[in-house]
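Close look at the chain arrangement
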Amino acid sequence: MESSSSAAIAVSSLTEEELTLIVKWSGKEYTLRVCGDDSVAELKRRICEFTNVLPKRQKLLYPKVSAKLADDSLLLSQIPIKSSIKMTMIGTVEDEIILDPVESPEIIDDFEFGQEEAVEIKDKEVNKQKLRRRFDQYKIKLRTPCREGKKLLVLDIDYTLFDHRSTAENPVELMRPYLHEFLTAAYAEYDIMIWSATSMKWVELKMGELGVLNNPNYKITALLDHLAMITVQSASGRILDCKPLGLIWGHFPEFYSAKNTIMFDDLRRNFVMNPQNGLKIKPFKRAHANRDSDQELVKLTQYLLAIADLDDLTTLDHNSWELFNEDNAKRRRHA
Ligand code: MG
């Protein structure tokens, strides 16, 4: 009994231990603080903050453990690295490679979480700590003030508003149909934030090209990028990136909370820190074939407006949003 509890203490102090790392890149040295319970993916995000080299473009070199540093899911406490030895990063800033977006590997594995596992992830102390650390590090820049009495809609970009895997002469051809109508209608009841797992440069570029950032009919309250995400672990040891809404609620507690926020994303795992607030939408792929038939944003507009009067959105099950729409239509027909 005694030995197992001291072992547990040893492990937890090891994982929470902070470590100073020196990373060399392109002739410069960067000093950063990481934790044992950070994953390699998080280390790469920290390096990206300093260097602007996207995590997927980084190759990390360190004596004897370079292979382990290629596995984004490993925790730093599982890799023998020391402050005294410098790490080398090889990678190119995206400006120089902006013309080859197809190279990025497609995320195909969207874990399907049971409600239980999602709850267990969001309540895990180590994950809450990560959220607190991210909250301290990441500043959300408002493009327009938060509005009193409005709810909050948080939107993913890739496969949600835009088909980033197809190619076209004009990016507008890859835009999900009815995007501007959807944003205009939602804006009446919701402040809108856009949160993408790519870099801020891409978010601004894509949204600018689609005419979302200067539209006369609605305003975007804020843009968030991959640096605002956290990497969490489940009890079964699965490690995944997600978009914790607590980061936004912590910054603007007088405006937004779990009760008035809804988030649309094509990947369910992005919701694991706030499963009750997420609505998994049908991904918009193969834009050229589906542009004429995709009605998802029209139907989602109906849903958003139908629930806008509710005081507490957490009473809803967003998994059955389409059913809710049908019932709502029936009620109106019979009224
Ligand atoms: Mg997406």
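Residues numbered from 1 in each chain as written. Predicted model: local features only at pLDDT ≥ 70, side-chain atom pairs only at ≥ 80, totals over all residues. Heavy atoms only, no water.

**What about helix α10 (residues 321-334)?**
Here α10 spans 20 Å end to end across 14 residues, near enough to the 20 Å set by a 1.5 Å rise per residue. Residues of α10 that are buried include every one of W321, N325 and N328, and no others. Each buried residue of α10 lies within a common arc of 65° when the element is viewed along its axis, so the set occupies one face. Facing away from the buried surface of α10 by more than 90 degrees, the exposed residues are L323, R333 and H334. Elements in contact with the buried residues of α10: β11 (278-280) and α9 (296-307). (Helix = DSSP H or I, 4+ residues; strand = E, 2+ residues; numbered from the N terminus. Expected span 1.5 Å × (residues − 1). Buried < 20%, exposed > 50% of the residue type's maximum accessible area, 1.4 Å probe, protein only. Arc of directions from axis to C-beta. Contact = heavy atoms within 4.5 Å.)

**Examining the environment of N290**
Relative to the helices and strands, N290 resides in helix α8 (residues 287-290). The class of N290 is partly exposed, set by a relative accessible area of 24%. It is 9.9 Å that separates the C-alpha atoms of N290 and L174, two residues lying 116 residues apart in sequence. Discounting residues that sit within four places of it in the chain, N290 has contacts with F284 and K285.

**A few points about the pattern of salt bridges**
Throughout the structure, instances matching the rule amount to 18 salt bridges. Here D38 ties to R133 by a salt bridge, and the two come within 3.1 Å at their closest N and O atoms. Of this pair, D38 sits in the loop between β2 (28-35) and α2 (40-51) while R133 is found in helix α4 (residues 125-137), placing the two residues 95 residues apart along the sequence. Between R45 and E42 there is a salt bridge, with its nearest N and O atoms 3.9 Å apart. Of the two residues, R45 and E42 both sit in helix α2, 3 residues apart, roughly one turn of that helix. Here the two residues R45 and E42 agree in accessibility, since each one is buried. (Salt bridge = Lys/Arg side-chain N within 4 Å of Asp/Glu carboxyl O.)

**Section: the coordination of the magnesium ion**
Protein coordination at the magnesium ion comes from D156 (OD), D158 (O) and D266 (OD), with a distance range of 2.1 to 2.2 Å. Taken in chain order, the donor set of the magnesium ion reads D-x1-D-x107-D. With D158 in the loop between β5 (151-155) and α5 (179-187) and D266 in the loop between β10 (261-265) and β11, this pair connects stretches of sequence that are 108 residues apart. As far as burial versus exposure is concerned, D158 and D266 are alike and both buried. (Donors = N, O, S within 2.8 Å, 3.2 Å for Na, K, Ca; no water.)

**A look at the pairing of strand β6 (residues 190-195)**
A regular strand places its side chains on the two faces of the sheet in alternate fashion. Most of β6 sits inside the fold, with 6 of its 6 residues counted as buried. In β6, alternate side chains face the same way, and those of Y190, I192 and I194 on one face and D191, M193 and W195 on the other are all buried. Examined bridge by bridge, β5 and β6 share 5 bridges and lie parallel to one another. Within β6, the residue paired with L155 across the bridge is I194. Taking the sense of rotation as the criterion, the β-α-β connection linking β5, α5 and β6 turns out right-handed. Here β6 pairs with strand β7 (residues 222-224) via 3 bridges, running parallel. (Pairing = 2+ DSSP bridges. Right-handed = clockwise from strand over helix to strand, strands pointing away.)

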